[in-house]
Amino acid sequence: MNLGVVHGVVVADTRAAELTEPRLVLIQPVDEVGAEQGGAVVALDPIVSAAEGSLVWFVNGSDATDALGEPFQPADAAVVGLVSSIREALA
Amino acid sequence: MIIGRVIGRAVSTRKDEKLLGTKLLLVEEVDPRGAGSGDMAVVADHLGAGPGDVVLVAQGSAARFTAQTKEQPVDALVVGIVDMIRFDGRSTFTSADGFGSNGKGPQP
């Protein structure tokens, strides 16, 4: 799983029939202190409906397909939770 | 998924027979403002995307979760043709105007 910040949305009306989730968000992956990690990705956001600026966690690859449930959608990234706080583990 | 710009077509006459009739596009990954990353991929397309179109590409096993690609050896698929991108509170792409105001590339 990865942390990311929601920066925007993508609208694509011409789409694969199996891609039924309407909400597509643009996520910038970040690490635990907020430093950007790699380029932005587009993820389905069926559960959280995260607002722009929200810190979320998301899954990639076949985990995203699983998270969305059946019937499977052709998507390789999905937002699965809204992060409310991050604490460092006690040593 | 990644956002990509269609820059060409890959034609293959000798290929896995499960791919017969499937269009293969050459796609460059772009960021949400339209800047190219330099990374290219050959991507299967069943939606009719063409050169210049901005598309949404699903990678890995997700590419096989459509009726057309179910049995195909593909790991990248156009799953959407992008109409609009909003990034950091402003519209960075529309299908009518492209990226930026002149449609020729990202704004400075």
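Below, the structure is looked at part by part.

Here is what the cut-offs are and how they apply
Counting restarts for each chain, with residues numbered from 1 along the sequence as it is written. Chain A is the first chain written and ligand 1 is the first ligand written, with later ones labelled in order. Only residues with pLDDT of at least 70 get local features here, since the model is predicted, and only at 80 or more are side-chain atom pairs given and counted; chain-wide, interface and lining totals rely on the full set of residues. Numbering goes from the N terminus for both helices and strands, where a helix is a DSSP run of H or I of at least four residues and a strand is a run of E of at least two. Our radius of gyration looks at C-alpha atoms and nothing else; its globule reference is 2.2 Å times the residue count to the power 0.38. Burial is judged by counting the other C-beta atoms within 10 Å of a residue's own C-beta: 20 or more makes it buried, 12 or fewer makes it exposed, and any count in between marks it as partly exposed, with every C-beta position built from the backbone. Working definition of a contact: two residues with C-beta atoms, positioned from the backbone, lying within 7 Å. A pair of strands is treated as paired once DSSP finds two or more bridges between them.

Side note on the overall build of chain B
Moving on, step 1. Looking only at helices and strands, one finds zero helices and eight strands in chain B.
Moving on, step 2. Each helix and strand of chain B, placed in order from N terminus to C terminus, yields the pattern β-β-β-β-β-β-β-β.
Moving on, step 3. Its C-alpha atoms give chain B a radius of gyration of 14 Å, near enough to 13 Å, the size a compact globule of 108 residues would have.
Moving on, step 4. If you line up chain B on its principal axes, its C-alpha atoms span 45 × 25 × 20 Å.

Considering the overall build of chain A
Moving on, step 1. Each helix and strand counted, chain A has one helix and six strands in total.
Moving on, step 2. In chain A, the succession of α and β elements from N to C terminus is β-β-β-β-β-α-β.
Moving on, step 3. Over its C-alpha trace chain A gives a radius of gyration of 13 Å, about what one expects of a compact globule, namely 12 Å for 91 residues.
Moving on, step 4. On the principal axes, the C-alpha backbone points of chain A span a range of 50 × 25 × 20 Å.
Moving on, step 5. Scored against the burial criterion, the 91 residues of chain A give a buried share of 35%.
Moving on, step 6. Contacts in chain A between residues at least 24 apart in sequence constitute 53% of all its contacts with a sequence separation of at least 6.

Remarks on the interface of chain B and chain A
Moving on, step 1. Taken residue by residue, the interface counts 28 residues in chain B and 28 residues in chain A.
Moving on, step 2. In the sheet, strand β1 (residues 2–11) of chain A pairs with strand β6 (residues 84–87) of chain B via four bridges, with the strands oriented antiparallel. Bridging from a neighbouring strand, V9 of chain A pairs with R86 of chain B of β6 of chain B.

A closer look at the environment of H46 of chain B
All names here are of chain B.
Moving on, step 1. Note that H46 resides in the loop between β3 (36–45) and β4 (54–59).
Moving on, step 2. Under the C-beta neighbour-count criterion, H46 is labelled partly exposed, with 18 such atoms within 10 Å.
Moving on, step 3. For the pair formed by H46 and Q68, sequence separation is 22 residues and the distance between their alpha carbons is 7.5 Å.

Focus on the environment of A10 of chain B
All names here are of chain B.
Moving on, step 1. With respect to the element layout, A10 can be found in strand β1 (residues 2–10).
Moving on, step 2. With 32 residues separating them along the chain, A10 and V42 place their C-alpha atoms 7.2 Å apart.
Moving on, step 3. Every residue in contact with A10, bar those within four places of it in the chain, is listed here: L24, L26 and V42.

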